[in-house]
Amino acid sequence: MPVYTLPDLPYDYSALAPVISPEIIELHHDKHHAAYVKGANDSLEQLAEARDKEQWGSINGLEKNLAFHLSGHILHSIYWQNMSGDGGGEPLEKDGVGELADAIAESFGSFAHFKAQLSKAAATTQGSGWGVLAYEPLSGRLIVEQVYDHQGNVGQAATPILVFDAWEHAFYLQYRNQKVDFIEAMWQVVDWQDVARRHEAARSRADVLLLAP
Ligand SMILES: [Fe+2]
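Presented here is a report on the structure given in the accompanying data block. Every chain is numbered on its own, with residues counted from 1 as its sequence reads. pLDDT decides what is reported in this predicted model: residues at 70 or higher carry local features, side-chain atom pairs at 80 or more are listed and counted, and totals for whole chains, interfaces and linings draw on all residues regardless. Hydrogens are left out, water is left out, and the side-chain values use all remaining heavy atoms of the structure.

**Focus on the overall build of the protein**
Part 1 of the reasoning: Under the DSSP-based scheme used, a helix requires at least four consecutive residues in state H or I and a strand at least two consecutive residues in state E, with every element numbered from the N terminus. In terms of helices and strands, the protein carries 7 helices and 3 strands.
Part 2 of the reasoning: Mapped from its N terminus to its C terminus, the protein presents α and β elements in the order α-α-α-α-β-β-β-α-α-α.
Part 3 of the reasoning: For the protein, the C-alpha radius of gyration of 18 Å lies close to 17 Å, the compact-globule estimate for 213 residues.
Part 4 of the reasoning: When the backbone C-alpha atoms are referred to their principal axes, the protein occupies close to 60 × 45 × 30 Å. As defined in this context, the radius of gyration uses C-alpha atoms, and a globule is described by 2.2 Å times the residue total to the power 0.38.

Dropping the structure here:
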């Protein structure tokens with residue numbers, strides 16, 4: 001029985017067009033995300049086998065594979081939920097997401113400054129990576145992380161609440177080499193209600209580290 005399963009998309013393949021084409025969404029979810037789910041399950045299975053046999057020759061590779069595939073599964077699972085065909089704009093109090101708007105302003109100075117930092121972090125990934133808005137529980141602040149692959153360059157314990165996939169598989173069929181244009185377009189489909197829900201959930205577990213800031 002696999003531990004991880006591929007979640008259904010919360011919308012049709014065409015729901016995010018024209019920002020993201022149906023062809024990209026189908027391949028990205030059904031093939032790429034599915035491969036990370038399988039990879040995470042396979043890694044756990046191979047680690048269980050290593051324990052049973054007490055054969056640790058592949059431990060480094062197995063732990064790396066687990067981090068890569070599990071992080072890929074988690075980030076993509078958030079990614080689909082972060083987007084909506086009715087998304088875009090910026091978080092506003094009148095839409096019931098005032099606390100998120102305030103947290104962004106406190107942590108980054110303004111929404112414009114936050115948008116610039118996340119856009120730049122995502123668009124300048126070298127090779128494959130992500131731009132991520134995360135809740136950092138020690139300070140209670142929001143931070144932007146530039147993630148290598150799915151799991152590198154990440155501080156411990158921060159919870160991703162808005163993720164921009166900057167891997168070529170996320171845009172190349174439609175945007176070719178224009179990663180900057182893709183990242184700019186992504187803002188049109190951000191579902192701020194979903195981001196606000198994730199922010200609230202992360203805040204409610206803020207003492208998870210049991211440390212003073
Ligand atoms: Fe992806």
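**Considerations on the pairing of strand β3 (residues 159-165)**
Part 1 of the reasoning: Burial classes: relative accessible area under 20% of the type maximum marks a residue as buried, over 50% as exposed, and values in between as partly exposed (1.4 Å probe, protein chains only). The buried fraction of β3 is high, at 5 of 7 residues.
Part 2 of the reasoning: DSSP calls a pair of strands paired once it identifies at least 2 bridges connecting them. Where strand β1 (residues 129-136) and β3 come together, 6 bridges link them in antiparallel fashion. Counted as the bridge partner of Tyr135 is Thr159 from β3.

**Regarding the packing of aromatic side chains**
Here the distance between the centres and the angle between the planes together describe a pair of aromatic rings.
Part 1 of the reasoning: Whether two aromatic rings pair depends on their centres lying within 6.5 Å, for rings of Phe, Tyr and Trp, where Trp uses its six-membered ring; planes under 30 degrees apart make the pair stacked, over 60 edge-to-face, and the rest tilted. Evaluated as defined, the whole model comprises 15 aromatic pairs.
Part 2 of the reasoning: For the pair Phe68 and Trp167, a centre-to-centre distance of 6.2 Å together with 50° between the ring planes defines the contact as tilted. With a gap of 99 residues between them, Phe68 in helix α2 (residues 59-82) and Trp167 in the loop between β3 and α5 (172-175) connect regions that are remote in the sequence.
Part 3 of the reasoning: When the centroid spacing of 6.2 Å and the interplanar angle of 80° are considered together, the rings of Phe111 and Trp187 count as edge-to-face.

**Side note on helix α4 (residues 111-123)**
Part 1 of the reasoning: A helix is expected to span 1.5 Å multiplied by its residue count minus one. In a regular helix each residue adds 1.5 Å, so 13 residues correspond to 18 Å; α4 covers 18 Å between its end C-alpha atoms and thus fits that length.
Part 2 of the reasoning: Listing the buried residues of α4 in full gives Phe111, Phe114, Leu118, Ser119, Ala121, Ala122 and Ala123.
Part 3 of the reasoning: Tucked into the core, α4 has its buried residues touching α3 (98-108), β1, β2 (141-148), β3, α6 (179-186) and α7 (192-203). Throughout, a contact is declared for two residues whenever any of their heavy atoms are within 4.5 Å.

**Thoughts on the pattern of salt bridges**
Part 1 of the reasoning: Salt bridge, as applied in this entry: a Lys or Arg side-chain nitrogen positioned within 4 Å of an Asp or Glu carboxyl oxygen. Scanning the model with the defined rule gives 8 salt bridges in all.
Part 2 of the reasoning: In this structure, Lys38 and Asp42 form a salt bridge, with 2.6 Å as the shortest nitrogen-oxygen distance. A residue pair is termed a helical-turn pair when its members lie 3 or 4 positions apart in one helix, as Lys38 and Asp42 do in helix α1 (residues 22-53) at 4 residues.
Part 3 of the reasoning: Given a relative accessible area of 25%, Asp42 falls into the partly exposed group.
Part 4 of the reasoning: In this structure, the salt-bridge partner of Lys53 is Glu49, at a minimum N-O distance of 3.3 Å.

**Overview of unusual backbone geometry**
Part 1 of the reasoning: With an omega of 5°, the peptide bond between Ala17 and Pro18 qualifies as cis.
Part 2 of the reasoning: Its location among the elements puts Pro18 in the segment before α1.
Part 3 of the reasoning: We note that Asn153 has phi near 65°; this positive angle belongs to a residue other than glycine.
Part 4 of the reasoning: According to the relative accessible area criterion, Asn153 is partly exposed, its value standing at 45%.
Part 5 of the reasoning: Phi at Arg176 is positive, roughly 50°, even though this residue is not glycine.

**Focus: the coordination of the iron ion**
Part 1 of the reasoning: Excluding water, the donors of a metal are its N, O and S neighbours within 2.8 Å, or within 3.2 Å for Na, K and Ca, and that exclusion means sites may look incomplete. Donor atoms from the polypeptide that bind the iron ion are His28 (NE2), His76 (NE2), Asp165 (OD) and His169 (NE2), placed at 1.9 to 2.1 Å.
Part 2 of the reasoning: Taken together, the 4 donor atoms coordinating the iron ion and their angles of 89 to 136° define a geometry best described as irregular.
Part 3 of the reasoning: Mapped onto the polypeptide sequence, the residues donating to the iron ion form the spacing pattern H-x47-H-x88-D-x3-H. With His76 in helix α2 and Asp165 in strand β3, the pair connects residues that are 89 residues apart, well separated along the chain. Each member of the pair, His76 as well as Asp165, carries the same accessibility label: buried. Every angle between 85 and 135 degrees makes a four-donor site tetrahedral, while opposite donors more than 155 degrees apart, with all other angles between 65 and 115, make a four-donor site square planar and a six-donor site octahedral; other sites are irregular.

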